[in-house]
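# Survey of secondary and tertiary structure
One-letter residues, chain by chain:
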Amino acid sequence: MKAVKRAALAVLAVALPFMAAGLDFGSALKEAAGKAGVKASDAQAIEQAAQAVAKSAEDITPEQEYYLGRAVAAKLLSGRKSYENQAAAKYINLLGRALSNCCERPETFGGYHFLILDSDEINAFAAPGGLILVTRGLLRCASSEEAVAAILAHEIGHVARQHGLKAIKKDRLTKAVIGVGTAAAQVLGPEELKEQTATFKDSVGDITSTLVNSGYSRDLELEADKAALENLRALGYDPAALADMLRVMQKKLKPGGLDFAKTHPDPKVRISAIEKQLKGKAPPQAKPEAAAARQARFKAALGSI
Amino acid sequence: MRRIGLLCAALLALSAAAAAEQPKSMSVNVKETQVRATPGYLGKVLGTLAYGDRVQVAQTQQGWVKVSVAGKGLAGWINESALTAKKVVLSSGSSSASQEASSGEVALAGKGFNSQIESENRKDDSFDYATVDRMERAVVAPEAVAAFLKDGALAGDAGGGK
C-alpha cells in the first residue's frame, strides 16, 4: 500500500504539468502514470482514487449548471440596473448569438443571453450556462463591431469552458451533486430542501464572489482569451481586435479600481499572450462594403452608449 | 503462431473500430434543440426536440450529429453540444431510474440543484429573477442571425466545429 502511495505521489507530481497544459485531471493522471512507468494495477487504483476527487465538477449536469447560472445572474442583477435600450440589446444579442453559434460549445441548457448593465464601471460577468452581463462603461471602450465581438467572445469562452463551475468549493459539490444522487429523484422533504438550498446558495456565493471580488486565475483568463481568438476567427473577425480592445481598456482603467482592474490580470500580460498566438497568422479580410456595413450597424446600436 | 498473431491483429482492429463507433443512441441534454436539414446553424429547421428525447445516431461531421427520431418521422442534424451519450431520465419518480443513476450511464434530470431549489431560493429577495427571466425570454430568430451574418459578410456557420 505504501508503494502505491509513493507511486501516486510520483504520478501526481508528473501529472501537474499536464494539467497546467490544459488536460483535465483524469487524463493528466493517465498520461503521467504512463510516463512514470507505474504498474497497470497501481495505475488503476490511483485513477480510481483520482476520479473520486475529480468527479464533482464534471458531475454537474447542464441542467444544474443552468439553475446555478440563473441564480448567479439574479444575484449580480440585484442592485445593478439593466440598460433599457432596445436597439442596443437587440444588437448585442444578435452579435452574441452569431459568436456563440461558432464557439466550441454552441448549445447550453438554456442558451446564451446577453444584457447591458447601466453602469459606468468597466466590467463584464459570465454566469454559468451563458447569461452574460456587460456594462455600458465597457462597451464605451469599443469603437467597432470587432471590439464588441472581442468582449463577448471572451465571456463566451468562460461559459464554454465552464470556468464559473470551477469556482465552487469541492466539498459543497460532493454533498450537493453526488451525495443525493438517488434521493433527489423524488421531491425533497423540508429538511433536505433546506439543506440543499443552503448548499446551493453557498455555491452561488462562491461563483459570484469570484466574478465580483477575486477574479479567475490568470490561466483561466488566458484560456478564455485563447477561446475568444478562435471564435472571432471562425466567424470572420480579425482576432487582433481583442488585443486592441485591451489596449484601450489599459488606458481607461484606473489602477486600484474596483471593477475589471481588480478581477483581471494586467492587460499587458494578456496582450503579449495574444500577440504570440496571432504571430504569423493572416487575419481574415473584410471587403470594404462589409466593413462599412458592420461599422454602420455598430454606430446605430451602440454609437451613443 | 503466425496465425494467432494475425488473429490478434484482426481482433484489435475490430475492437478499435467498435471503440471509434458512435453510440447508437444519444439523449438531448439541453432544454430544447433544433433538428436541421444540413449540419450548421444556417440549415433549415425541420423540428424541435426537448430535454431527454432519445435520438438514433447515423453519422457525425465536424461537431454535428446526423440523427433520426423514432416515432416522429424526423431526421436531420443536431449540434453535438446539445447531446449526451448518457441516457437522460426525467425525474417523474420511477424508482428504477434512480437506481440506474449511480451507474454513470444515466443522467438523472432534476438531480441536485433543480427547479424546486430555485423556487425556494426565489423567496430570498436578494436575487433578481425577474430580469433573468426577461433575458431568457428575448428570442433571437435564426433568420435574424442569418441576415446579420450576410450583411456583415461573416462566416458564422462553423457551428462548433473543433
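For clarity, every value in this text was computed on a predicted model and none was experimentally measured.

## Examining helix α15 (residues 288-302) of chain A
Residue and element names in this part refer to chain A. An ideal rise of 1.5 Å per residue puts 21 Å on 15 residues; α15 measures up with 21 Å between its terminal C-alpha atoms. Listed in full, the buried residues belonging to α15 are Ala 290, Arg 294, Arg 297, Phe 298, Ala 301 and Leu 302. Along α15, the residues classed as buried sweep out an arc of 105 degrees about the axis, all on the same side. In this structure, α15 carries Pro 288, Glu 289, Lys 299 and Ala 300 as exposed residues pointing more than 90 degrees from its buried face.

## Section: the domain arrangement of chain A
All names here are of chain A. Taken as a whole, chain A is organised into domain 1 (2-58 + 171-211) and domain 2 (62-164 + 216-302). The interface of domain 1 with domain 2 comprises eight residues on the first partner and 13 residues on the second. For the pairing of domain 1 and domain 2, the buried interface totals around 1,000 Å² over both sides, and the portion due to carbon and sulfur atoms is 78%. Viewed at the interface, domain 2 and domain 1 are joined by zero salt bridges. Counting every contact that joins domain 1 to domain 2 gives zero residue pairs in polar contact (both at pLDDT 80 or more). Of the residues forming the side of domain 1 that touches domain 2, the biggest block, seven residues, is contributed by helix α10 (residues 190-214).

## Brief notes about the confidence of the model for chain B
Residue and element names in this part refer to chain B. In the predicted model, chain B carries a mean pLDDT of 81, and the fraction of residues at 70 or more is 73%. Note on residues 93-103: pLDDT is under 50 here. Beyond four places in sequence and across chains, it has eleven contacts. Under the prediction, the complex receives an ipTM of 0.81, its pTM being 0.81.

## Section: the side chain of Glu65(A)
Residues and elements named next belong to chain A. Note that Glu 65 resides in helix α4 (residues 62-77). For Glu 65, a relative accessible area of 1% puts it in the buried group. In this structure the side chain of Glu 65 is engaged in a polar contact, spanning 3.2 Å, whose partner is the side chain of Gln 162.

Calculation notes
- Residues numbered from 1 in each chain as written.
- Chains lettered and ligands numbered in written order.
- Predicted model: local features only at pLDDT ≥ 70, side-chain atom pairs only at ≥ 80, totals over all residues.
- Heavy atoms only, no water.
- Helix = DSSP H or I, 4+ residues; strand = E, 2+ residues; numbered from the N terminus.
- Expected span 1.5 Å × (residues − 1).
- Buried < 20%, exposed > 50% of the residue type's maximum accessible area, 1.4 Å probe, protein only.
- Arc of directions from axis to C-beta.
- Domains from an automatic or database assignment.
- Contact = heavy atoms within 4.5 Å.
- Buried area = accessible area lost by both parts, 1.4 Å probe.
- Salt bridge = Lys/Arg side-chain N within 4 Å of Asp/Glu carboxyl O.
- Polar contact = N/O pair within 3.5 Å; in protein donor to acceptor, adjacent residues only side chain to side chain.
- pLDDT = per-residue confidence, 0-100.

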